[in-house]
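Now for the letters of each chain:
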Amino acid sequence: MSLDKAIAQAQNDVPECVATGYVDMSTGMLLAVKTVDSHPSEVLDLVAAATGDLFQGRNVVEIERMFDRVRGITDRKTHYFQEIVVFSTNLIHVFLRSKKNPDNVAVFVCRISANVGMVIVRSRLAMASIDAAL
């Protein structure tokens with residue numbers, strides 16, 4: 001299955017999902033996106049940049065370094081932050097780091113009326129399918 005098909009399938013599978021995207025944080029690019037509404041490319045570019053900030057922003061990286069220092073870890077190969085859920089006024093935003101490629105993150109945006117537990121469970125299942133598509 002292609003990345004575009006996996007993203008489209010994820011949007012169908014995650015409850016009340018209005019947008020799904022896949023971000024490469026190493027380049028800052030949105031590699032795939034599927035939305036129910038059209039959005040200007042500037043907005044979509046900001047989603048990719050904000051995703052990078054959430055997982056790789058200066059303060060986040062410093063927190064990971066501090067955890068490493070405290071724990072005596074000198075050669076960490078993984079990141080501490082794997083999943084981030086953000087609640088906005090009308091939406092639930094779920095960001096999941098890829099297990100296959102830690103520089104990639106899938107974004108699932110759902111209506112606030114969705115069951116949060118189901119959104120997380122279905123997003124995790126969709127992420128497995130997206131990873132398999134790559």
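Up top you'll find the structure we're talking about.
This one's a predicted model, so the numbers in the text were calculated from it and none came from an experiment. (Residues numbered from 1 in each chain as written. Predicted model: local features only at pLDDT ≥ 70, side-chain atom pairs only at ≥ 80, totals over all residues. Heavy atoms only, no water.)

*Asks:* Explanation requested: helix H3 (residues 58–71) in the structure shown.
*Replies:* In an α-helix, one turn spans 3.6 residues; hence positions three or four apart end up facing the same way. With 14 residues, H3 extends 20 Å from end C-alpha to end C-alpha; this agrees with the ideal 20 Å at 1.5 Å per step. Looking at the buried positions of H3, the neighbouring elements they touch are helix H2 (41–56). (Helix = DSSP H or I, 4+ residues; strand = E, 2+ residues; numbered from the N terminus. Expected span 1.5 Å × (residues − 1). Contact = heavy atoms within 4.5 Å.)

*Asks:* Please explain the pairing of strand E4 (residues 91–97) as it appears in this structure.
*Replies:* For a regular strand, side-chain orientation follows a simple rule: the groups alternate between the two sheet faces. Counting buried residues in E4 gives 6 out of 7 residues, a clear majority hidden from the surface. Sheet analysis places strand E3 (residues 83–87) next to E4, joined by 5 bridges and oriented antiparallel. Paired with Val86 across the two strands is His93, which belongs to E4. Where E4 lies against strand E5 (residues 104–111), 7 bridges are found, and the strand directions are antiparallel. In the sheet register, Leu91 faces E5, and the bridge partner there is Arg111. (Buried < 20%, exposed > 50% of the residue type's maximum accessible area, 1.4 Å probe, protein only. Pairing = 2+ DSSP bridges.)

*Asks:* Explanation requested: the packing of helix H1 (residues 3–13) against helix H4 (residues 116–133) in the structure shown.
*Replies:* The description of two packed helices rests on the angle between their axes and on the distance between the axes. Orientation of H1 relative to H4, taken along the N-to-C sense of each, is 170 degrees, at an axis distance of 9 Å. Taken together, the axis directions place H1 and H4 in an arrangement best described as roughly antiparallel. Touching Leu3, Ala6, Ile7, Ala10 and Asp13 of H1 are Arg122, Ala126, Ser129, Ile130 and Ala133, all from H4. Along the lines of polarity and charge, the residues of the contact of H1 with H4 split into 7 nonpolar, 1 polar and 2 charged. (Axes fitted to C-alpha atoms, helices over the stretch in contact; angles between N-to-C directions. Parallel < 35°, antiparallel > 145°, perpendicular 65-115°, else oblique. Nonpolar A, V, L, I, M, F, W, Y, C, P; charged D, E, K, R; others polar.)

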